[in-house]
Amino acid sequence: MTAGQVQKSMDKQEMADILNRRFPFSGCKVALLLGNQILISLRDDFPTIPHPNMWDLPGGGREGEETPFECLKREVMEELSLELKPEAISWAKIYPSMLHPEELSVFTVASISQEQFDQIVFGDEGQDYKLTPVGDFLVDEKVIPQLRGRVKDYMEEISGKG
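Conventions used here
Residues numbered from 1 in each chain as written. Predicted model: local features only at pLDDT ≥ 70, side-chain atom pairs only at ≥ 80, totals over all residues. Heavy atoms only, no water. Helix = DSSP H or I, 4+ residues; strand = E, 2+ residues; numbered from the N terminus. Rg over C-alpha atoms; globule rule 2.2 N^0.38 Å. Areas by Shrake-Rupley, 256 points an atom, 1.4 Å probe, with all protein chains shown as cover. Lys, Arg positive; Asp, Glu negative; His and termini not counted. Charge placed at Lys NZ, Arg CZ, Asp CG, Glu CD. Buried < 20%, exposed > 50% of the residue type's maximum accessible area, 1.4 Å probe, protein only. Contact = heavy atoms within 4.5 Å. Pairing = 2+ DSSP bridges. pLDDT = per-residue confidence, 0-100. Core = buried A, V, L, I, M, F, W, Y, C linked by side-chain atoms within 4.5 Å. Polar contact = N/O pair within 3.5 Å; in protein donor to acceptor, adjacent residues only side chain to side chain. Salt bridge = Lys/Arg side-chain N within 4 Å of Asp/Glu carboxyl O.

**A few points about the overall build of the protein**
Along the backbone of the protein there are 5 helices and 7 strands. Secondary structure elements of the protein occur, N-terminal to C-terminal, as α-β-β-β-β-α-β-β-α-β-α-α. Against the compact-globule benchmark of 15 Å for 162 residues, the protein has a radius of gyration of 15 Å, which places it among compact chains. Seen through its principal axes, the protein has C-alpha atoms that stretch 35 × 35 × 30 Å. When the accessible surface of the protein is split by element, carbon and sulfur atoms take 51% of a total near 8,400 Å². Both charge centroids of the protein, one from 17 positive and one from 28 negative side chains, sit 5 Å from each other.

Shown next as structure tokens:
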């Protein structure tokens, strides 16, 4: 697959295979859902970073030879002090990277509980975090546009429109 091709979502076995396979990708993002709300974080307001002062989702760049799941697990722990479990992930899709479109990235959707949300210890990247209704996320101009599109893809696919 090339970065210009968007991967269709996968069944559980295909999803597990891609999340645990080592292949060239630049990083991962995860939409953490609590009911009909999505966990977002406000990026730092530094002009030297991509998308300053915009709402983002947890995730980031791959380190070393990590699998997509290893990358997600590490990033969620670093950013939120939460342990992401494989069974929490319900959806995955491969997209072109947001920062390097010639490369691949992995976008996932996972569930968290209210208890997990209450246990978040926010890391040292970003200004704030919150839960917001998914519908608001999809139209908020302060959300990174590619992430709005990826969450929209997920919502359309689970509703049967994708």
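On we go.
**Side note on the environment of tyrosine 129**
Note that tyrosine 129 resides in strand β7 (residues 128–133). With relative accessibility at 22%, the residue tyrosine 129 sits in the partly exposed group. For the pair tyrosine 129 and leucine 39, spaced 90 residues apart in sequence, the C-alpha to C-alpha distance is 7.1 Å. Excluding anything up to four places from it in sequence, tyrosine 129 contacts Leu39, Ile40, Ser41, Trp55, Phe117, Ile120 and Phe122.

**Here's the deal with the pairing of strand β2 (residues 37–42)**
Extensive coverage of β2 is indicated by the burial of 5 of its 6 residues. The hairpin formed by strand β1 (residues 27–34) and β2 contains 2 residues between the paired strands, and glycine 35 there has a positive phi angle of roughly 65°. Where β2 lies against β7, 6 bridges are found, and the strand directions are antiparallel. Among the inter-strand pairings, isoleucine 40 is bridged to a residue of β7, identified as lysine 130. Across 2 bridges, β2 lies against strand β3 (residues 55–56) in antiparallel orientation. What sits directly across from serine 41, in β3, is aspartate 56.

**Details of the confidence of the model for the protein**
In the predicted model, the protein carries a mean pLDDT of 92, and 93% of its residues have values of at least 70. In this model residues 1–9 is a low-confidence stretch, pLDDT under 50, and it forms 22 contacts with partners more than four residues away in sequence or in other chains.

**Some words on the nonpolar core**
The nonpolar side chains of a soluble globular protein tend to be buried with one another. Counting residues in each nonpolar core, the largest one holds 28 residues, and the members touching the most others are Leu19, Leu32, Leu39, Leu84 and Ile89. Counting only elements with at least two residues in this core, the list comes to α1 (12–19), β1, α2 (68–80), β5 (89–96) and β6 (104–111). Contacts of leucine 32, omitting those with residues within four sequence positions, involve Gln37, Ile38, Leu39, Pro58, Leu80, Leu84, Ala110 and Ile112.

**What about the side chain of aspartate 56?**
Here aspartate 56 lies in strand β3. Within the local environment of aspartate 56, its side chain forms a polar contact with the side chain of lysine 29, the two groups lying 2.8 Å apart. Look past the residues within four positions of aspartate 56 in its chain and what remains in contact with it is Lys29, Leu39, Ile40, Ser41, Arg43, Ile144 and Leu147.

**A closer look at the pattern of salt bridges**
Counting across every chain of the model gives 12 salt bridges. Here lysine 152 ties to glutamate 156 by a salt bridge, and the two come within 3.5 Å at their closest N and O atoms. With a gap of 4 residues between them, lysine 152 and glutamate 156 both fall in helix α5 (residues 145–158), about one helical turn apart. Residue class for lysine 152 comes out partly exposed when judged on its relative accessible area of 45%. What emerges from the salt-bridge pattern is a single network uniting Glu63, Glu66, Arg74, Glu75 and Glu78.

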